[in-house]
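Single-letter residue listing:
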Amino acid sequence: MKILIVEDEEKIANSLKRGLEQESHVVDVAYDGEVGYDLASGENYDLIILDLMLPKIDGMTICKKLRQDDDVPSPILMLTARSSVEDRVKGLNIGADDYLPKPFSFEELLARVTALGRRPWEVAKDSVLKVGGLTLDKTTFEVTRGNKQIKLSRKEFTLLEYLMRNSGKIISKDTLMESVWEYEADILPNTVEVYIGYLRKKIDEPFKDQPRLIQTVRGFGYKLAVN
Ligand code: CA
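For clarity, every value in this text was computed on a predicted model and none was experimentally measured.

What counts and how
Residues numbered from 1 in each chain as written. Predicted model: local features only at pLDDT ≥ 70, side-chain atom pairs only at ≥ 80, totals over all residues. Heavy atoms only, no water. Axes fitted to C-alpha atoms, helices over the stretch in contact; angles between N-to-C directions. Helix = DSSP H or I, 4+ residues; strand = E, 2+ residues; numbered from the N terminus. Parallel < 35°, antiparallel > 145°, perpendicular 65-115°, else oblique. Left-handed = near helix turned anticlockwise from the far one by under 90°. Contact = heavy atoms within 4.5 Å. Nonpolar A, V, L, I, M, F, W, Y, C, P; charged D, E, K, R; others polar. Core = buried A, V, L, I, M, F, W, Y, C linked by side-chain atoms within 4.5 Å. Buried < 20%, exposed > 50% of the residue type's maximum accessible area, 1.4 Å probe, protein only. Salt bridge = Lys/Arg side-chain N within 4 Å of Asp/Glu carboxyl O.

Draft legend 1. Geometry of the packing of helix α1 (residues 10–22) against helix α5 (residues 106–117). Contact pair α1 / α5: the axes reach a minimum separation of 11 Å and the direction vectors enclose 60°. As judged from the angle between their axes, α1 and α5 are oblique. Note that α1 runs across α5; the crossing there is right-handed. In contact with Leu16, Gly19 and Leu20 of α1, α5 contributes Phe106, Leu109, Leu110 and Val113. In the contact of α1 with α5, the residues fall into six nonpolar, one polar and no charged.

Set out below in structure tokens:
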């Protein structure tokens, strides 16, 4: 899933991000309410993990705006340090799908994330991505083009998923470094290029009679598109 974490406590946000990435999710983080709201309303997330007490715009206001003004359908899991029933009820009433009182264990969070990800609309929308003849199935980790199976490493899979989820858009190297590699100490300036090269060898080069899907947009970055 593509997940947004809006949480101002950097330690919590970063460790959640790492944990969710290990579960093969693609994760963005916002450390204040303003950035969080901009991302949540501008991108398509499969799940938004939203802290209640945030600088600039608080979690309740963000939730309300997303549901009422922007029609954002992404499930929202609210994190709250408050344990009062009133806050939970209020959160659920303004459109949060679930809440998790702090402190919580990563296992508890993961259980909620998995449960929210299992919603029927979510499965249909999320588990199989298709661009042209290329198909990526998140539940089986299978990638095929035409009838041919393509074997990818975990990192190649995450990178391809990100490109397919954003197909047609130009994505900068910086965005890819941030989204697919953030917090990894061993990333080098050419790591993205190297991995794009690996993906091309597997999803484009063997299919010479078909359109090249991974395109370099000189000076800007990459895009995955049929034409
Ligand atoms: Ca907070």
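Draft legend 2. Local environment of the packing of helix α2 (residues 33–42) against helix α3 (residues 59–68). Running from amino to carboxyl end, α2 crosses α3 at an angle of 20°, the nearest separation of the two axes being 10 Å. One element, α2, and the other, α3, form an angle in the roughly parallel class. Both α2 and α3 take part in a crossing whose hand is right-handed. Contacts between α2 and α3 involve Gly33, Tyr37, Ala40 and Ser41 from the first element and Ile62, Lys65 and Leu66 from the second. Partitioned by chemical class, the residues of the contact of α2 with α3 number four nonpolar, two polar and one charged.

Draft legend 3. How the structure looks around the nonpolar core. In terms of nonpolar packing, the biggest core is built from 27 residues, with Leu160 and Leu176 touching the most fellow members. Among the elements of the structure, β6 (128–131), β7 (134–137), α7 (154–165), α8 (173–181), α9 (191–203) and β11 (221–224) are those that each provide at least two residues to this core. The greatest single-element share of this core, amounting to six residues, is contributed by α7. Every residue in contact with Leu176, bar those within four places of it in the chain, is listed here: Leu159, Tyr162, Leu163, Ile171, Trp181, Val192, Ile196 and Tyr222. Ile48, Leu50, Leu54 and Cys63 belong to the second-largest nonpolar core, a separate cluster that totals 20 residues.

Draft legend 4. Focus on the pattern of salt bridges. Under the counting rule described, the total for this entry stands at 14 salt bridges. With its nearest N and O atoms 2.8 Å apart, the salt bridge here joins Lys202 to Glu156. Of this pair, Lys202 sits in helix α9 while Glu156 sits in helix α7, placing them 46 residues apart in sequence. Since its relative accessible area comes to 5%, Glu156 is described here as buried.

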